[in-house]
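Each chain is listed here by its residues.
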Amino acid sequence: MNNHVQSTFETFSPSSPPVKQFAEVVFNLPLKEPFTYKIPPKFLGKVQVGMRVLVPFGHRRITGYVVNLTAIFDKAIKLKSISDLPDTEPVVSEEILSLTRWMGEYYQSSWGEAIRAALPAGLDDENREEFAISETGTKELLNGTLSKSANHLLNFISKRPNATLKQCQKELDKKFSAYALARLIKDKFLNTSHTTRKSKIGYQFFKSVRPANPISKEEEIEHLLKRCPKQKLVFDLLKQKEISLSELESRIPGSKSALRGLKEKNLIEVFTEKKEREAFVPEGTMDQAFGPALTLTPNQEKVFKELTSTIDTGRFQTFLLHGVTGSGKTEIYIRCIQRILEMDKTAIMMVPEISLTPQTVDRFRQRFGDRVAILHSGLSQTERFLEWKKIRDEKVSIAVGARSAVFAPFKNLGIIVIDEEHDGSYKQDSNPRYHARDTAVMRARSMNAVVLMGSATPSLESFQNTRLKKYSYLSLKNRIGESMLPLISLVDMRTERKKFKNFSILSGILKKAIRDRLSRNEQVFLFLNRRGTARFVFCPDCGYVLECVHCSVTLTYHGKEDHLLCHYCNFKARVPKQCVECYGDVIRFSGFGTQKLEEEVRQLFPNAQTTRLDRDTTRRRDSFAAMHRNMHAGKIDILIGTQMITKGHDFPNVTLVGVVHADLSLNIPDFRSCERSFQLFTQVAGRAGRGKVPGKVIIQTNNPDHYMFEFVQEHDVNAFHDKELKLRKQLNYPPFTRLIAIEIVSENESLAKDRAEKLGRALKRQTTRIKGVEIMGPSKAALYQIQNKFRWHLILRSQNMQTLQSILADNLELLELKSTSSGKLKISIDVDPFNLL
């Protein structure tokens, strides 16, 4: 028995409970098991499960999360002690700890990574690794024998000592190489050190001033200030109380110079006060009366009655509400949330980031006042923390937000509503790669809460779950009031070119329809899921297409800036005057984007107010709000946009929607491309005719015979699901099977291929005796090269997820790859992948 264990037994008598001297801590690192730390005497009785701790870890001091306390540690290991305790109470509840533990196990991340995802960004202190060039590094730089990427790094760090990883990446951009950095450190050309940068989002720091201690004698003070009336005025005020610099300046304007003089005479001292930030919520918020409710239709009343019968019993149940666009799903959500609040419970309302518009927020504020906290990426880190704190401190009872709102720290959760449940933004694309919809179901189950999912185009997975009776199916088949679903027509763009010699972006039918709507002072949406002015630049002589030098994608031409841009890595290039392959003189542009579409629309309709809404035009925080105000005020006639305009908007005066190039999403090499296209077109069509004037949708396509368009025209979601589910079953794809995707990425092409093939062989050997498991790959990813990194995919398929999870847990090759994952080679695991590109 080691000394630590002996001391444990000595600190308590047989009659008293054992003192828990040891804390099990997990980290935001890919480490499966918790680490045990000794709790020093000054923190005994203060450390609680769910708190953050600062602990030594190797040469660093990093933030960890306490997941267990124990009185006994019986391994012969000398334990390190907890260094600091940033919290006075747990920041993670036991319920969220349990949820994140499941997330870590199911989504193949660590428990610590899952906990970090559940907390507001910027809450933890940041450990910074800093680099400085060594003497040998300086010599090597002068010799010029290193690689280009190593030279770039050494050059930058020599000019900027103590540079961090982020600074290197930002400054060097595409010239940065993680592998070169790792080699320079290994070869001792760079020295490393670690510092901790304190998080400031939870605290405010005020500079204040007070008389110096010990205070000088009165006679001495009087002598020093005899000829300095302003200094005397300031000092007399400070003798009464400590005061902040900002308050002092407001009470005695121009006091800065007086303070300098008092400081030089050693009569005062300036100090920094640290205060916890308070989230302001008006007094009596939770007692405010609810805003007026809308009158429900008989169909809505029927759906609401079925939901409240479950809500009132306080038991877990998942509902899928399938309602056409404009059928009043949002009012059902609000009514259910109000019912939950009347039961003194709390609610989470989740919407895709793209739909979190001012319109959505305003509607909730009108009904529920200041009871609502808003969580989304448009807020600063401090703003997000304050919203999160309102929830944790029980000052509000509703959280409205995107994916991360699923972790809102409510204690008495009654309902989780998931609007547009089919949307891909609910799936996290970095570790931990959780799906917020499925995570919400797990959380609600543990809290006996109701889950209400809604969509005009439910995902096939959710639709299949209603067939299996895992979810209860509810439907709203008609729009509210007299508004009808829009009439949808197809335009064959092949005929436009061959028969009518129309080579422009817009068909003759769409141009005529736009003129007609503008003449009646109605508004138009034009949808194109592509930014830029031209999709790609090519040589008509040899067919060469200009591609990004770092990625496996074509470069997009942006006319206003007159350059080519890669939308994956932001690589920029000028348009060449001749072909770089065959030196042909003519370079042509093929395809088009929202920018090119905007130019053509302005030329065709010069008197119309035209606005473009895509990622390039919405960088400012108020872009969405400004667009909404202008649409409602009638200041926009034609709105051009990407997926941003497909959902979450309700503009009654929009009577025409044009889908400019419908084939884009259909041609993506992914088994879900048809389902996504159907959802996209149905959703964008739903923006038309939501007022009194009937809506019209015109879809331009080169492939009008595709079976998907028939269901879009008929607004027949159920028939599309039947057709698509039959195809999925034949092809052995989800929801009839389960998938896990493994991605191996490296700057070294041969290394990535070698490791992927080695892992593939190991998995195939392992699964030869397991029935019903298929290994697909390894193969190059559809987007093989991104930002100078090469990507290989392996896909595991089975009808049983537990079987797949156990295969990964037992595969030694995979465990070794995960443990050695670094800048040189990275591996990621995606359970239930949403995107296979």
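Residues numbered from 1 in each chain as written. Predicted model: local features only at pLDDT ≥ 70, side-chain atom pairs only at ≥ 80, totals over all residues. Heavy atoms only, no water.

Helix and strand counts for the protein stand at 28 helices and 32 strands. Here the protein has a C-alpha radius of gyration of 31 Å; the compact-globule value for 837 residues is 28 Å, and the two agree. Considered along the principal axes of its C-alpha atoms, the protein spans approximately 100 × 70 × 70 Å. The buried share among the 837 residues of the protein stands at 51%. Across the protein, the fraction of contacts at a sequence separation of at least 24, relative to all contacts at a separation of at least 6, is 76%. Here the protein contributes 127 positive and 95 negative side-chain charges, whose respective centroids are spaced 2 Å apart. (Helix = DSSP H or I, 4+ residues; strand = E, 2+ residues; numbered from the N terminus. Rg over C-alpha atoms; globule rule 2.2 N^0.38 Å. Buried < 20%, exposed > 50% of the residue type's maximum accessible area, 1.4 Å probe, protein only. Contact = heavy atoms within 4.5 Å. Lys, Arg positive; Asp, Glu negative; His and termini not counted. Charge placed at Lys NZ, Arg CZ, Asp CG, Glu CD.)

A few words now on the sheet that holds strand β29 (residues 738-746). In space, the 4 strands of this open sheet follow the order β30-β31-β29-β32, with antiparallel pairing throughout. The outermost strands of the open sheet, each flanked by one partner alone, are β30 (774-786) and β32 (825-831). Within this sheet the neighbouring strands show an average axis-to-axis angle of 20 degrees, counted without direction. Across 7 bridges, β29 lies against β32 in antiparallel orientation. Each bridged residue has a counterpart across the sheet, and for Glu-743 the counterpart in β32 is Ser-828. Along the sheet face, helix α27 (residues 801-810) touches β29, β31 (789-798) and β32 and points at about 30 degrees away from the line of β29. (Pairing = 2+ DSSP bridges. Axes fitted to C-alpha atoms, helices over the stretch in contact; angles between N-to-C directions.)

Before going further, it helps to examine the sheet that holds strand β27 (residues 654-659). Spatial ordering of the open sheet is given by β18-β28-β27-β19-β26-β25, a layout of 6 strands whose pairing is parallel. Pairing within the sheet leaves two strands with one partner each, and these edge strands are β18 (487-492) and β25 (610-613). Recorded for the sheet is a direction-independent mean angle of 20 degrees between the axes of neighbouring strands. Sheet strands touched by helix α24 (residues 707-714): β18 and β28 (696-701). Its angle to β18, the strand with the most contacts, is close to 150 degrees.

Our focus in this paragraph is empty space enclosed by the protein. Taken as a whole and assessed by the stated rule, the structure comprises 1 cavity of 30 Å³ or more. Its volume calculated, the largest cavity comes out at about 30 Å³. Lining the largest cavity, in full, are Phe-527, Asn-529, His-661, Ala-662, Asp-663, Leu-664, Ser-665, Leu-680 and Phe-681. Every element with two or more residues in the lining of the largest cavity is listed here: α22 (663-666) and α23 (673-685). Tallying contributions element by element places α22 first for the lining of the largest cavity, with 3 residues. Considered class by class, the residues forming the lining of the largest cavity number 5 nonpolar, 3 polar and 1 charged. (1 Å grid on protein atoms, 1.4 Å probe; cavity = no way out; pocket = protein on both sides within 12 Å on 5 of 7 lines; lining within 4 Å. Points joined across faces, edges and corners; volume = space filled by probe spheres on them. Nonpolar A, V, L, I, M, F, W, Y, C, P; charged D, E, K, R; others polar.)

With that settled, the discussion passes to helix α5 (residues 148-159). Its 12 residues place the ends of α5 17 Å apart at the C-alpha level, agreeing with the 16 Å of an ideal helix rising 1.5 Å per residue. What α5 keeps buried is the set Ala-150, Asn-151, Leu-153, Leu-154, Phe-156 and Ile-157. (Expected span 1.5 Å × (residues − 1).)

Bringing the confidence of the model for the protein into the picture now. Of the residues in the protein, 91% have a pLDDT of 70 or more, and the chain-wide mean is 87. The least confident element of the protein is helix α1 (residues 3-10), whose mean pLDDT is 38; the most confident is strand β16 (residues 450-455), at 98. The low-confidence segment residues 1-14, where pLDDT is below 50, has 22 contacts with residues more than four positions distant or belonging to other chains. (pLDDT = per-residue confidence, 0-100.)

Moving on, we get to the environment of Leu-97. Mapped onto the elements of the fold, Leu-97 is located in helix α2 (residues 94-106). Judged by relative accessible area, which is 6%, Leu-97 ranks as buried. A sequence separation of 17 residues divides Leu-97 from Ala-114, and the C-alpha atoms of the two residues are 9.1 Å apart. Excluding residues within four positions of it along the chain, Leu-97 makes contact with Val-49, Gly-50, Val-66, Val-67, Val-92, Trp-111 and Ile-115.

Turning our attention to the packing of aromatic side chains. A full pass over the atoms with the stated rule returns 20 aromatic pairs. Pairwise contacts between aromatic rings join Phe-27, Phe-35, Tyr-37 and Phe-57 into one cluster. Cation over ring: Arg-335 sits above Phe-304, and NZ or CZ is 5.9 Å from the ring centre. Above the ring of Tyr-707, the side-chain terminus of Lys-723 is found at 5.1 Å from the ring centroid. (Phe/Tyr/Trp six-rings, centres within 6.5 Å; stacked < 30°, edge-to-face > 60°. Lys NZ or Arg CZ within 6 Å of the ring centre and 35° of its normal.)

Time to look at unusual backbone geometry. Cis peptide bonds are those with omega within 30 degrees of zero, and the linkage from Asn-431 to Pro-432 qualifies with -5 degrees. With respect to the helices and strands, Pro-432 occurs in the loop between β15 (413-419) and α16 (436-447). Of note, the bond from Gly-777 into Pro-778 is cis; its omega dihedral lies within 30 degrees of zero at 10 degrees. By the secondary structure assignment, Pro-778 is in strand β30. Phi angles above zero are rare outside glycine, and Asp-832 is one such case at about 55 degrees. Mapped onto the fold, Asp-832 is located in the segment after β32.

Below, the discussion takes up the packing of α2 against helix α3 (residues 111-118). Two elements in contact, α2 and α3, have axes whose closest approach is 8 Å; the angle formed by their N-to-C orientations is 125 degrees. Between α2 and α3, the angle falls in the class oblique. Judged by the sense of rotation from one axis to the other, the crossing of α2 with α3 is right-handed. Residues Ile-96, Leu-97, Thr-100, Arg-101, Met-103 and Gly-104 of α2 form the contact with α3, whose own contacting residues are Trp-111, Ala-114, Ile-115 and Ala-118. (Parallel < 35°, antiparallel > 145°, perpendicular 65-115°, else oblique. Left-handed = near helix turned anticlockwise from the far one by under 90°.)

Let us now look at the packing of α23 against α24. Two elements in contact, α23 and α24, have axes separated by 10 Å at closest approach and are oriented at 30 degrees. Here α23 is positioned roughly parallel relative to α24, judged by the angle of their axes. Between α23 and α24 lies a crossing whose hand is right-handed. Where α23 approaches α24, its residues Cys-674, Ser-677, Phe-678, Phe-681 and Thr-682 are matched on the opposing element by Tyr-707, Met-708, Phe-709, Phe-711 and Val-712.

Inspection of the secondary structure assignment puts His-422 in the loop between β15 and α16. Side-chain polar atoms of His-422 contact the side chain of Ser-455, separated by 2.8 Å. (Polar contact = N/O pair within 3.5 Å; in protein donor to acceptor, adjacent residues only side chain to side chain.)

Moving on to the environment of Val-693. Within the secondary structure, Val-693 sits in the loop between α23 and β28. Each C-alpha atom of the pair Val-693 and Ser-483 lies 7.4 Å from the other, and the pair is 210 residues apart in sequence. In this structure, Val-693 is in contact with Arg-517, Glu-522 and Thr-655, ignoring residues within four places of it in sequence.

As a further point, take the environment of Leu-85. Structurally, the position occupied by Leu-85 is in the loop between β4 (60-70) and α2. Since its relative accessible area comes to 14%, Leu-85 is described here as buried. Taking the C-alpha atoms as reference, Leu-85 lies 33 Å from Leu-181; in sequence the two are 96 residues apart. Not counting residues up to four positions away in its chain, the partners in contact with Leu-85 are Phe-43, Lys-46, Val-47, Met-51, Arg-52 and Val-53.

So, about the nonpolar core. Of all hydrophobic cores here, the largest spans 73 residues; its most connected members are Ile-115, Met-350, Ile-742, Leu-759 and Leu-796. Among residues more than four places away in sequence, those in contact with Ile-115 are Val-26, Tyr-65, Val-67, Val-92, Leu-97 and Thr-100. With 32 residues, the next largest nonpolar core counts Phe-624, Phe-678, Leu-680 and Phe-709 among its residues. (Core = buried A, V, L, I, M, F, W, Y, C linked by side-chain atoms within 4.5 Å.)

Since the α-helix turns once every 3.6 residues, residues separated by three or four places project in the same direction. Those residues of helix α28 (residues 812-819) lying buried are Glu-813, Leu-814 and Leu-817. Taken down its axis, α28 places every buried residue within 95 degrees of arc, on the same side. For α28, the exposed residues set more than 90 degrees away from the buried face come down to Leu-812 and Ser-819. At the N-terminal end of α28, a side-chain oxygen is found 3.2 Å from the backbone nitrogen of Glu-813, two or three residues along, and the residue is Asn-811. (Arc of directions from axis to C-beta.)

As a further point, take the pattern of salt bridges. Side-chain pairs of opposite charge can arise whenever the charged atoms involved come near each other. Applying the stated criterion across every chain, the model contains 38 salt bridges. For Glu-105, the salt bridge goes to Arg-101, with nearest N and O atoms at 3.8 Å. Here Arg-101 and Glu-105 lie together in helix α2, a separation of 4 residues that amounts to about one turn. One salt bridge in this structure joins Asp-393 and Arg-392, with 3.8 Å as the shortest N-O distance. With relative accessibility at 27%, the residue Asp-393 sits in the partly exposed group. Classification of Arg-392 as buried rests on a relative accessible area of 14%. The network of salt bridges with shared partners includes Glu-89, Lys-389, Arg-392 and Asp-393. (Salt bridge = Lys/Arg side-chain N within 4 Å of Asp/Glu carboxyl O.)

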